[in-house]
Amino acid sequence: AQKVTQAQTEISVVEKEDVTLDCVYETRDTTYYLFWYKQPPSGELVFLIRRNSFDEQNEISGRYSWNFQKSTSSFNFTITASQVVDSAVYFCALSEANFGNEKLTFGTGTRLTIIP
Amino acid sequence: EAGVVQSPRYKIIEKKQPVAFWCNPISGHNTLYWYLQNLGQGPELLIRYENEEAVDDSQLPKDRFSAERLKGVDSTLKIQPAELGDSAVYLCASSLSTGVTDTQYFGPGTRLTVL
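Thresholds, definitions, all that
- Residues numbered from 1 in each chain as written.
- Chains lettered and ligands numbered in written order.
- Predicted model: local features only at pLDDT ≥ 70, side-chain atom pairs only at ≥ 80, totals over all residues.
- Heavy atoms only, no water.
- Helix = DSSP H or I, 4+ residues; strand = E, 2+ residues; numbered from the N terminus.
- Rg over C-alpha atoms; globule rule 2.2 N^0.38 Å.
- Buried < 20%, exposed > 50% of the residue type's maximum accessible area, 1.4 Å probe, protein only.
- Contact = heavy atoms within 4.5 Å.
- Areas by Shrake-Rupley, 256 points an atom, 1.4 Å probe, with all protein chains shown as cover.
- Pairing = 2+ DSSP bridges.
- Axes fitted to C-alpha atoms, helices over the stretch in contact; angles between N-to-C directions.
- Buried area = accessible area lost by both parts, 1.4 Å probe.
- Salt bridge = Lys/Arg side-chain N within 4 Å of Asp/Glu carboxyl O.
- Polar contact = N/O pair within 3.5 Å; in protein donor to acceptor, adjacent residues only side chain to side chain.

S.K.: How should I be thinking about the overall build of chain B in this particular structure?
M.R.: In terms of helices and strands, chain B carries zero helices and 11 strands. Taken from the N to the C terminus, the helices and strands of chain B come in the order β-β-β-β-β-β-β-β-β-β-β. For a compact globule of 115 residues, the expected C-alpha radius of gyration is about 13 Å, and chain B comes in at 13 Å, within 12% of that figure. With the C-alpha coordinates of chain B rotated into their principal frame, the extents come out at 40 × 25 × 25 Å. Residues classed as buried in chain B amount to 49% of the 115 residues present. Taking all contacts inside chain B whose residues are at least 6 apart in sequence as the whole, residues at least 24 apart take part in 53%. Counting only carbon and sulfur atoms, one obtains 50% of the accessible surface of chain B, whose full area is about 5600 Å².

The structure is reproduced here in structure tokens:
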């Protein structure tokens, strides 16, 4: 069975500080996909990134970066120079790559508050 | 490109009443998902459609929940009768099936309150 753990329930940082959101996953599959979604107060889940298990390269997109480490089963998300608009709940999710069974398993989310 | 559309955005009903939620996926997306999100939790899959066929409904409480996706585009999720514990956000998502794990795109959800 697959599982995603986001141990940080809530984080608050002052604007312009860097912040890292942790994600630890469990799966028995060797092929799987990891995702991050943002859920602002409006409620819509916004797709941020998708990473497959064979690609351990870190990725940077503007102020966002992701650190994937298979050795520790972690897929952490860092926001650099945080802004108030980054305030949201962030979800990490896992999907085992069984064609015909593309089920996303989400963590419980981390509520990030950026203090102006 | 328009995203996933859901209606209504909010619904308040009394227990034992029926309720229905509607979803229009992103144009061209053949896979559609309904998720349930309880307060403070991540979404949990209720049902997944590949075109008109429900290929995974193992988490759908079939005694009171039903869903349909006529013509393989729009979908409706129904609860009858609603219970207090059904209060939650119901999210619809869609993806384009490519043979590998697809990226799911979500709508804004319907927040249901059962009194």
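Moving on, there is more to tell.
S.K.: Whenever I open this one, the sheet that holds strand S1 (residues 5-7) of chain B confuses me. Can you help?
M.R.: Residue and element names in this part refer to chain B. Strand order in this open sheet of four strands is S1-S3-S8-S7, and the pairing throughout is antiparallel. Two strands bound the open sheet, and with one partner strand each, they are S1 and strand S7 (65-68). Each neighbouring strand pair of the sheet contributes to a mean axis angle of 15 degrees, computed without reference to strand direction.

S.K.: What's the story with the interface of chain B and chain A in this structure? I'm lost.
M.R.: When the parts of a complex come together, some accessible area is lost, and that lost area is often taken as the interface size. Contacts between chain B and chain A engage 23 residues on the former and 23 residues on the latter. Roughly 1800 Å² is buried in total at the junction of chain B and chain A, and carbon and sulfur atoms are behind 50% of that figure. Viewed at the interface, chain A and chain B are joined by zero salt bridges. Our enumeration of links across chain B and chain A arrives at four residue pairs in polar contact (both at pLDDT 80 or more). Secondary-structure elements contributing two or more residues to the side of chain B that touches chain A are strand S4 (31-37), strand S5 (44-50) and strand S10 (105-106) of chain B. For the side of chain B that touches chain A, the element with the highest residue contribution is S4 of chain B, accounting for three residues.

S.K.: Before we go on, may I ask you to explain the side chain of Thr76 of chain B in this structure?
M.R.: Residue and element names in this part refer to chain B. With respect to the element layout, Thr76 can be found in strand S8 (residues 75-79). Overall, the relative accessible area of 18% leaves Thr76 in the buried class. Leaving out residues up to four positions away in the same chain, Thr76 has contacts with Ala20, Phe21, Trp22, Trp34, Ser66, Ala67 and Glu68.

S.K.: Quick question: what am I supposed to make of the pattern of salt bridges here?
M.R.: Side chains carrying opposite charge are able to pair once their charged atoms draw close together. Residue and element names in this part refer to chain A. Per the stated rule, a full pass over the model turns up seven salt bridges over all chains. Between Arg51 and Asp55 there is a salt bridge, with its nearest N and O atoms 3.0 Å apart. Taking the relative accessible area as the measure of exposure, Asp55 reaches 24% and is therefore partly exposed. Between Glu59 and Arg51 there is a salt bridge, with the nearest N and O atoms lying 2.8 Å from each other. Each of Arg51, Asp55 and Glu59 takes part in a single network of salt bridges with overlapping partners.

S.K.: Got a minute to help me understand unusual backbone geometry in this structure?
M.R.: Leaving glycine aside, a negative phi is the common case for residues, and trans is the common case for peptide bonds. Cis geometry marks the peptide bond from Ser7 of chain B to Pro8 of chain B; its omega dihedral reads -10 degrees. Omega for the peptide link from Gln80 of chain B to Pro81 of chain B comes to 0 degrees, which places this bond in the cis form. Residue placement: Pro81 of chain B occurs in the loop between S8 and strand S9 (88-95). Phi is positive for Lys16 of chain A, which is not a glycine, with a value near 85 degrees. Mapped onto the fold, Lys16 of chain A is located in the loop between strand S2 (10-14) and strand S3 (19-21). Phi at Ser73 of chain A is positive, roughly 50 degrees, even though this residue is not glycine.

Shape descriptors only; they carry no functional weight alone.
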